[in-house]
Every structure is written in C-alpha cells, then in structure tokens.
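Listed below are the residues making up each chain.
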Amino acid sequence: MSRARNIEALKNILIVVLFLTTILLLYFLWENVTMKTFRLSSILPAGSSHSLRAEDVTRPEEIVFSFGAGGVTADPDVDGRYWELWMNAFQKYCGRGELLAEEISRAQFLQLTDYRAVFCRFAYDLPLESFCQQRGISNRGLNQIACVTEMGYSAGSPESVFLYDGRSGRCYRLVSELPAEGFEEIIRAAEQGEYLVYYGAASLFGAESSAVLPLNYSSTLAETPCGAELGGADDAERKAIAEQFFGADFGFVRRIEESQGSLIYMYGYDQKTLTFAADGSMVYREALNGEAGARRDYFEALQDALDFIENYGGWREEQGRHLQLRVRDAYEIESDRQKGYRFVFGVGLEGVPLYGGDGNLLTVEIYGRQVTAYRRCLPDGDLEKWKEDREKEAFSVVGLLSEGYPAIYEALRGEAPPPVPPEGEEAPQEGAFEWVAARLQNARPGLVRDAEREGSLRPAWVLCVDDCDFFYDLYSGEAFGAVPRQKD
Amino acid sequence: MKKVIMALVLVLTLLCGSCFVCAASDPAVTVVNPQGNSTVYADNILISVKVTATRVLKITVFEEKLLNEDGSLSSLDSLEALGQVTAGSLRHVVVSPAETFYSNGNLSFYTKELKGITPGIYKLRVTTLDENGRTQYLQECYVVVRPPSEAKALSFQSEQSGVLSFLQSFLKNIFGN
C-alpha cells in the first residue's frame, strides 16, 4: 500500500518537473530568446535595486585648486575623493543653524582664486534646495539661491563659503555661525600630489571667465577603433530589446525597415517608437500621457531616469568596463502644461570624458514618472588600446582659441565675426575674440567619436563655449566638429 | 631740489600710466598679464602678450636692483623706492633672456611662465622690431612681487553687522529678490 503511495508521489513530482521544463523550453524556443540576450536585469521588477545612484552621478566636472602663489590646477577627481572631503566640510559648515547669504560681484568672485582656494565646478546648474535636502543640509537662509553651478572656499575670506548660480549669473558669499573647517585640508591634500600648473582665462586673455587652462600639456591618449554599443546587434537581439520596451503591447507593434538602415518599432500612431539607427544608436520615444503625474523632486526624477537606464539596456560598469557615469547637463522642460526634466549623462573612462561627436551619449527626458525620450549611443569594442606608453605634446590650447575663435563666434552667433579694424584704427571694446573668451567655460582633453573615421575615438581638446562643445585634434589642432550640449 | 622733482616725476609716471613707455607703444601689441604697476603675491609670474597683426617681437624680463656702495645688489620692495633710485645706482638684472616671437596671424598670444620668482620689482620689456631688426616700438611694464604670505584678506563692500545682514537675508527670504 505504502509502495503504491510512493509511486504516486513520484509521479506527481515528475509531472511538476515536466511542466516547468515545458515552460522553460517554450520561453527559449518559441520566443527565440538566446542565452546571449538573456539578462537577469530584464526579468527583475523595475527599481528593485539601485546600482546607479543619483548621489553617485552628481559630481563636479572638475575641482579647481589654487595654492595661493600663482599655482592653480584643475582635477577631474576620478575617484570622487576631493568631492567627498568637500561635502563633509560643507555639511559641517552649514550645520543645522542659520546661514546668511549676501550677493557679491562676479569680479569679486573671480578674485577668490588669487588666494589658496578650492572650487567644485559643475557642468550644469544643480537645484540647490533639492541638493541640500538630498545631502541633509539645512538650506535656511539660502532660499534666494535657486541653483548652484560652482561652490568654493577661499583663504581670501576664510570665514565664508562661496556659491555661483550659473542660471541667474549671481555670486553669493555664505556666512555660517560655525567656523569654516576642513577646507584648508582639502587644498593641502591636493598640493601634496603632483599637479600641472593652469592659468585663468582672466590672466591669459583678460577675459571675465573662470575657466582655467594649461599652457603646456602632454598626453598618452591615442586614437582607438570603437563601434557603437548596438552597432553589431542582429535582428533577434533588436527584437528582444524591443520586447522589453513594449512588453504586453509587442503583439500590436509594427516593424518598419528604412532604406538608410534604420529599424523602427512603432506602437499605435507614434504613441511609442523605438528606433535603431544605422550609426548604432537607439532612440525610444513615448507620447506624453495624462498619467505622468506632477513633476517630482529633481533627485527623485534623476533616480527614476537612472532606474530606466538600468532596466532598458543596463549599465556596463557591472561588466567590468569601468566607465563612470555623471550628469553633464540637467534642465527643466515643459510640454502640454506638464513639467519635467531632461538629463544628459556624460561618460568617463578613468576620468577622461568620452563624447559622441555628433550627439550626446545618453539622454533621458522624464515627466512625473513617465520617461518620454531615451537616447542611447554608448561606445563599444575594445577600449584597451586608448593609451600609448609615451607622452606626446598636445597642441597649445591658447593657440587653439586664438586661431579658432572666428569659427566659434560664427557657430554661436550665426554670423561672421566683425572684421579686425585696419592697423592704426582703434579696436572695439569687445571684439569677436573677447566675446568668445568671456564665454569659455572650460577646455579639457577627451576622446571623441569621429564619424568620418569609422566612429573611432579620437583624442581631442574639447572647448566648451556658451554650452557648446567644440572638438579639435589633441595633437594637430585640426577642428572636427561641434555639438551643443542641449542637442539630442 | 632738481633730484626731488625728477624723482617725483618718475614716481608719478609709474603710478599714473599703466605702462611706462619709452617710445610710442605698438597699437597691435597689448600686455595682458602682468598688469602694469600691479602687485602680485606669488612665486611665479605669467606673461601674456596679445598681438593682433604680423609682428616680430623681442620680449625680455629684468629685475630692477639697487647697486649698493659695497658693490652688492639688493632687491627693491616698492615703486616709490624705485623712483628714488638714481640712474647710476639702478641695475637691470636679466631674469628671462630676450626671446623672439613671430606673429603671423591676425591674433596670437605670447605666453611664458616664470617660476621661482623672489620678491622684488620686475620689468617686462616688449620691443617691436621692423624688417631691418631695428626697434620700432618699445613698451615696458613694471610689476611688484611680494611674498604670498603678505596677501591681505579680501574685504567685501557690503560688510554689515550681524543683525543688519540677518534682517536683509530674512526680508529676501520672505519677499524674494
């Protein structure tokens, strides 16, 4: 009797195992899902883990140190060490008490780096209230300041901390009840290491700009072949990605192949579209619906954008690529009376910024909780040979600006620069060069994808002027493109 | 009396003009840095000269020193002190030997960093040469270098009492800007 029961139990177990095997086989064979495209992240519910955190991608683009005797340097702060030291000191300085903020002139603000100083410079305007809230800092007394683009300390006024709001163009001095401690230690830590001397654009060109530039620069950066992340994806892989985006609606999705090599998946009449372009980029667009909800706090929206990136395409740092993700630009957007944010992400390779060449690498537009646009064009391929063993002297960045300013002026103003007055005649107070120099935000070496060289990453000087990146070959100085930061 | 008047004239010339010009200055050449008669608290100097036409320039930096009675040289610490030195006891010690700079374009910059500079008075001389290599224009700028430790803290014009500043901040918070 008991033997018969055992046989029945064994049969039941066998039935369950066969049932589960059938489901798994159906999943792999019917849906044609290959093991290559199978990702754990794709079957995990959205937002179950945050390997990309809003706090980690909110970092300054560079930290400028002044050692007080004419020595200035700019550090990309690859490991975020100085930024964390700064935040610790800033949090202690703000404390829980009242802060007083008074406006100072831009000229006074620029004078601060004549002394021992440290300045954290963001590439965009960070909403101050959200930032304080996220970092647990009291912003009482700071309500008049909307954004922070630069924050710093200077021994020229050792009891204060300084902020620059790039959106309004206003500079502020903060005074706390507590002493400004810990800032001098950050300067000392940077001073002890090796650094390259930079000079301010104010000293080099007489321009009212806080950009700092090296007079002489050597680099090991080398041109390296590089495809786009999805450049080699076959139809099955693209379909698997599209299924992730459209989910249950995938049965109603149209597939359109364009003659130029693009593949479009479309749901409804432009309700949702996913485009795989011939250049290896992927663009997802979704019509704004009424369910997006009210605009969320900046950092909540940023975290949602990061979760979206993780869930739709993933982030390769986990695959050992060591690419760092940072916010490069963030601004408010509005459509159909709904407000949201557009985030442009920058990617760094051991602190060397990568640029798309003809567009941004990663952008997300978000209204409430709804992502309405997502563009992804990350580099792929073997990036191990992007450095040479020996350093080479780079083209003078001062020379670049003095030779390239007419083209920059024309690109930004949409008109040719005014002719230089003949010898003997007085030059205008602000000529084309002065106009460009005053708007110079920074000049950094980076790796830029050059479409004309089969998408290889080319070592370049990247001059950011008036929120537009201009690319020049790092060693020859040849101009090879420009991209406004707000472009897709 | 003559000496006093001469000294006064020299001091006034140094203080009032942004650059001390021996000959007519070249309209196509501007010394951007250091600014004439400025004081820097540093141990290095950045030289930046803007050139807006085709030129051949010769650029030299000297330190102005006083020849003492015992034959030794000593540094000067102010433009006033420089004004009181007679021509016979003033020595121009070359800090950066003459460099020739060719400007072929519409706009170019001569830049140079001088490191390890000691406190004193320095003179930047920019000479424009004609096609025969003769001096066409001459421009000279003085800069006073002081030890970095002597730099004075910045003063902000709107230094106010704590109460006044608090009230201003309080009102701004209520009514905005």
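Given the structure is predicted, the values throughout are model-derived calculations rather than measurements.

(A) View of the sheet that holds strand E7 (residues 108-115) of chain B. Residue and element names in this part refer to chain B. Strand order in the open sheet formed by three strands is E1-E3-E7, and the pairing between neighbours is antiparallel. Of all the strands in the sheet, the pair left with one neighbour each is strand E1 (29-33) and E7. In this sheet, adjacent strand axes meet at a mean angle of 20 degrees when their direction is disregarded. Across four bridges, E1 lies against strand E3 (residues 44-51) in antiparallel orientation. Bridging across to E3, Asn33 finds its partner in Ser48.

(B) Region of interest: the nonpolar core. Ranked by internal contacts, the top residues of the largest apolar core, which has 123 residues, are Trp86, Phe205, Phe345 and Leu463 of chain A. Not counting chain neighbours up to four residues away, the residues in contact with Phe345 of chain A comprise Leu302, Ala305, Leu306, Ile309, Leu325, Arg326, Val327, Arg328, Leu362 and Val364 of chain A. Of all hydrophobic cores here, the second largest spans 19 residues; its members include Val29, Ile47, Val51 and Tyr122 of chain B.

(C) Layout of the interface of chain A and chain B. Contact with chain A, which involves 37 residues of that partner, is made by 33 residues of chain B. Note on chain A versus chain B: buried area summed over both sides is about 2,900 Å², and carbon and sulfur give 54% of it. Inspection of the region where chain A meets chain B yields one salt bridge. A salt bridge links Glu434 of chain A to Lys50 of chain B, with the nearest nitrogen and oxygen atoms 2.4 Å apart. Secondary-structure elements contributing two or more residues to the side of chain A that touches chain B are strand E3 (99-104), helix H5 (106-111), strand E7 (170-176), helix H8 (201-205), helix H11 (397-413) and helix H12 (432-438) of chain A. Per-element tally for the side of chain A that touches chain B: the top contributor is E3 of chain A, with six residues.

(D) Representation of the packing of aromatic side chains. All names here are of chain A. Overall, the coordinates contain 36 aromatic pairs over all chains when judged by the stated rule. Ring geometry for Trp86 and Phe183: centres 4.9 Å apart, planes at 50 degrees, overall tilted. Pair noted here: Trp86 is in helix H4 (residues 81-94) and Phe183 is in helix H7 (residues 183-192), with a separation of 97 residues, a long-range link. Per residue, the accessibility class of Trp86 equals that of Phe183, and both read buried. When the ring of Tyr298 is compared with that of Tyr341, the centres are 5.6 Å apart and the planes differ by 85 degrees; the resulting orientation is edge-to-face. One end of the pair, Tyr298, is in helix H10 (residues 298-311); the other, Tyr341, is in strand E16 (residues 338-349), with 43 residues separating them in the sequence.

(E) Examining the pattern of salt bridges more closely. Residue and element names in this part refer to chain A. Applying the stated criterion across every chain, the model contains 33 salt bridges over all chains. As a salt-bridge pair, Lys272 and Asp249 come within 3.6 Å of each other at their nearest N and O atoms. Of this pair, Lys272 sits in strand E13 (residues 272-276) while Asp249 sits in the loop between helix H9 (235-246) and strand E11 (253-257); the two residues are 23 residues apart in sequence, bridging distant segments of the chain. On the basis of relative accessible area, Asp249 is assigned to the partly exposed category, the value being 22%. Residues Arg296 and Asp304 are paired through a salt bridge, measuring 2.2 Å at the closest nitrogen-oxygen approach. Judged on exposure class, the residue Arg296 and its partner Asp304 are both buried. One network of salt bridges, in which partners are shared, links Arg296, Glu300, Asp304 and Arg369.

(F) Examining empty space enclosed by the protein more closely. Residue and element names in this part refer to chain A. This structure, assessed with the given rule, holds three cavities of 30 Å³ or more. Here the largest cavity defines a volume of roughly 230 Å³. Broken down by secondary-structure element, the contributors of at least two residues to the lining of the largest cavity are strand E4 (116-127), strand E15 (323-335), E16 and strand E17 (352-355). Grouping the constituent residues of the lining of the largest cavity by class yields ten nonpolar, four polar and five charged. If you go around the second largest cavity, you meet 14 residues; those closest to its centre are Arg328, Tyr355, Gly356, Gly359 and Asn360. If you list the elements that add at least two residues to the lining of the second largest cavity, you get E16, E17 and strand E23 (468-473). Residues belonging to the lining of the second largest cavity are distributed by class as follows: seven nonpolar, five polar and two charged.

(G) Highlighting the layout of surface pockets. By volume, the largest pocket is sized at about 1,400 Å³. Among the elements of the structure, H5, E4, strand E8 (198-200) and H8 of chain A together with E1, strand E2 (38-41) and E3 of chain B are those that each provide at least two residues to the lining of the largest pocket.

(H) Representation of the state of the cysteines. Residues and elements named next belong to chain A. Applying the stated criterion across every chain yields a total of zero disulfides over all chains. Not engaged in a disulfide, the cysteine Cys377 finds its nearest cysteine sulfur in Cys226; these two sulfurs lie 9.3 Å apart. Residue classification places Cys377 among the buried residues on the basis of a relative accessible area of 5%.

Scoring rules and cut-offs
Chains are numbered independently. Their residues run from 1 in the order of the written sequence. Each chain gets a letter, beginning with A, and each ligand a number, beginning with 1, in the order they are written. In view of the model being predicted, local features appear only for residues whose pLDDT reaches at least 70, and side-chain atom pairs are presented and counted only at 80 or more, with totals across whole chains, interfaces and linings using the full set of residues. Here the side-chain values reflect all heavy atoms present in the structure, with hydrogen atoms and water set aside. A strand pair is defined by DSSP finding two or more bridges across the two strands. The way it works is that DSSP assigns letters per residue, a run of H or I at least four long becomes a helix, a run of E at least two long becomes a strand, and they are numbered from the N terminus. What counts as an axis is a line fitted to C-alpha atoms, over the stretch in contact for a helix, and the angles between N-to-C directions run from 0 to 180 degrees. Buried Ala, Val, Leu, Ile, Met, Phe, Trp, Tyr and Cys residues form a nonpolar core when they are joined through side-chain atoms within 4.5 Å. Only protein chains enter the calculation, and the probe is 1.4 Å; a residue is then buried if its accessible area is under 20% of its type maximum, exposed if over 50%, and partly exposed in between. We call two residues in contact when some of their heavy atoms are within 4.5 Å. What counts as buried area is the accessible surface, traced by a 1.4 Å probe, that two parts surrender upon association, with contributions from both included. By definition here, a salt bridge exists when the distance from a side-chain nitrogen of Lys or Arg to a carboxyl oxygen of Asp or Glu is within 4 Å. Pairing of aromatic side chains requires ring centres within 6.5 Å, counting the rings of Phe and Tyr and the six-membered ring of Trp. Pairs whose planes differ by under 30 degrees are stacked, by over 60 edge-to-face, and all others tilted. The rule is simple: put a 1 Å grid over the protein atoms alone, call a set of points where a 1.4 Å probe fits but cannot get out a cavity, call an open set with protein on both sides within 12 Å along at least five of seven lines a pocket, and count a residue as lining if it has an atom within 4 Å of a point. Grid points are joined across faces, edges and corners, and a volume is the space filled by probe spheres set on the points. The classification used treats Ala, Val, Leu, Ile, Met, Phe, Trp, Tyr, Cys and Pro as nonpolar, Asp, Glu, Lys and Arg as charged, and all other residues, Gly among them, as polar. The disulfide criterion used throughout: a pair of cysteine sulfur atoms within 2.5 Å.

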